[in-house]
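Architecture at a glance
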Amino acid sequence: MSLLLTRQARRPIHKLVASSLGRAASLSSSSATKAKFYIPRKDRTTSESMYEIDKIYDQRIKRRRRIDPTRELNYTPDHWERHKSVFRRIKHMLTTFGSSPFQRLMFPDFFVTSAIAGSLTYYNEFMIAEASSQLWIDGSGFAAATTAIALMTGFRLNASNARYAEGRKLIGSVHSTSRDLATNTMMWIKLKEDKKRMIHLIKAFSVAMTFHLNKKGAHHSIRRCLPNFEEQIYAEYQAELLDIFADDQNEDFLLICNWYQMKENVPLGITTLMRQIIAENEQKDSFTRELDIHVHRLVQSLGGCERIQKTPLPTCFTRHTSRLLWIWSNLLPFAIYPVCGLYTLPTTIAISYSIMGIEDIGVQLEEPFNILPLRQYADNTYDSVHFIESAYANGKYAS
């Protein structure tokens, strides 16, 4: 009885705080920019209709600009079959000029290198009469430098790939923990209203984490140069949360929106709401403790993602590698001209692409939350949690 009285005393306080904080968010959003990029679940024709898919690689999100990285969606068995095709190398060669590394390096890297290679070739072939006056450098010493730079870029790529792999593991941990937490919620949270509230918060956690780790909330079509960029991002954020809570006057919805506007750590705030529900649960035993352990796992995964997001590879190493690659690529024409002659320019581009492409891929992988399909992961979490909720709705643990 005392527990119920404490519970009833606490709830008005929560309602007062949520409504006072959330009313400002509700009023400010009444005239805000409307969501343009998020497609509500009821309006989707397929699970992937929310993305603009690449016409050549159907498992990738379409790149809107030359400088955009490659962003893969979750693979299916069909995707794996094409990925391992014996004809894959032919297809990859045919799409070289449309690949992300090549297009990203076109300007200014290849432009400057091509200008140097073309000018050198023209000078040596057409502007001087004697071979002794030609400009070139000894290639033997340059070959040793090329080997060292290749090793350095390989190390750079491995370090970045480790960050990418760890980021994917942490996002996977959030997904698995959310399913476990939803299952235990349906079994051990006593009151039906608390079950529903906890399920909503679990779904909202992945969405909030997406916007916490990625400024655009993984809506990569939105451009930062837009005059209403911040308002547009907030409109997409509200639309995704409203698809979960279904009520724009829901206390948790208003509170979470208000936290976002105040630039607070929204995922961490959601875990505090979860723990409030757990603390007020009528059943005080090891099962309740298990619920808190799952919330603790969410906090740990969030902290790991924040560590990756806020801590790049040592910038001195990144800048040193970049400087050496720039010097190497622009000296490369002088080293290969004695061998390649008139073919110096295309050979320079081919060799530069092989080495600089590795470094550029490493730069992209270093920030995994800009290339991982975070919105698809959040959608998968929503679908899994929703299925668990439905499966338990009419079962033994329904209340």
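For the structure, see preceding data.
Rules behind the numbers
Residues numbered from 1 in each chain as written. Predicted model: local features only at pLDDT ≥ 70, side-chain atom pairs only at ≥ 80, totals over all residues. Heavy atoms only, no water. Core = buried A, V, L, I, M, F, W, Y, C linked by side-chain atoms within 4.5 Å. Buried < 20%, exposed > 50% of the residue type's maximum accessible area, 1.4 Å probe, protein only. Helix = DSSP H or I, 4+ residues; strand = E, 2+ residues; numbered from the N terminus. Contact = heavy atoms within 4.5 Å. Axes fitted to C-alpha atoms, helices over the stretch in contact; angles between N-to-C directions. Parallel < 35°, antiparallel > 145°, perpendicular 65-115°, else oblique. Left-handed = near helix turned anticlockwise from the far one by under 90°. Nonpolar A, V, L, I, M, F, W, Y, C, P; charged D, E, K, R; others polar. Phe/Tyr/Trp six-rings, centres within 6.5 Å; stacked < 30°, edge-to-face > 60°. Lys NZ or Arg CZ within 6 Å of the ring centre and 35° of its normal.

Looking at the nonpolar core
Formed by 54 residues in total, the largest nonpolar core has its most connected members in Tyr237, Leu241, Ile256, Ile270 and Met274. Secondary structure elements with two or more residues in this core: α5 (139–188), α6 (192–213), α7 (229–245), α8 (251–261), α9 (266–280), α10 (286–310) and α13 (374–393). The greatest single-element share of this core, amounting to 11 residues, is contributed by α6. With near-sequence residues (within four places) excluded, Leu241 lies in contact with Ala204, Val207, Phe253, Ile256 and Cys257. Within the second largest apolar cluster, 13 residues are counted, among which are Phe102, Phe142, Leu325 and Trp328.

Observations regarding the packing of α6 against α10
Where α6 meets α10, the closest approach of the two axes is 11 Å, and the angle between their N-to-C directions is 15°. The pairing of α6 with α10 is recorded here as roughly parallel in orientation. In terms of crossing hand, the pair formed by α6 and α10 is right-handed. Contact residues: Phe205, Met209, His212 and Leu213 in α6; Leu298, Ser301, Leu302, Cys305, Glu306 and Gln309 in α10. Tallied by class, residues from the contact of α6 with α10 come to 6 nonpolar, 3 polar and 1 charged.

Examining the packing of aromatic side chains
Counted by the stated rule, this structure contains 15 aromatic pairs. Taken together, a centroid distance of 5.1 Å and an interplanar angle of 80° make the contact between Phe97 and Phe102 edge-to-face. The exposed category is assigned to Phe97, whose relative accessible area is 59%. By relative accessible area, which is 11% here, Phe102 ends up buried. When the centroid spacing of 6.4 Å and the interplanar angle of 25° are considered together, the rings of Tyr234 and Tyr237 count as stacked. In this pair, Tyr234 and Tyr237 both sit in helix α7, 3 residues apart, roughly one turn of the helix. Tyr237 matches Tyr234 in its accessibility class, with the two residues each being buried. Chaining the aromatic ring pairs together yields one cluster made of Phe97, Phe102, Phe110 and Tyr353. In this structure, Arg168 packs its charged tip against the face of Tyr377, placed 4.1 Å from the ring centre.

With respect to the side chain of Glu366
Counting through the fold element by element, Glu366 comes out in helix α12 (residues 344–366). Apart from the residues within four sequence positions on either side, Glu366 is in contact with Arg156, Ser160, Arg163, Pro312 and Leu313.

Considerations on the packing of α6 against α8
Where α6 meets α8, the axes come as close as 11 Å, and the angle between the chain directions of the two elements is 20°. Viewed along their axes, α6 and α8 adopt a mutual orientation that is roughly parallel. Once α6 is placed against α8, the crossing between them reads as right-handed. The segment α6 lies against α8, with Arg197, Leu201, Ala204 and Phe211 engaging Asp252, Ile256 and Tyr260.

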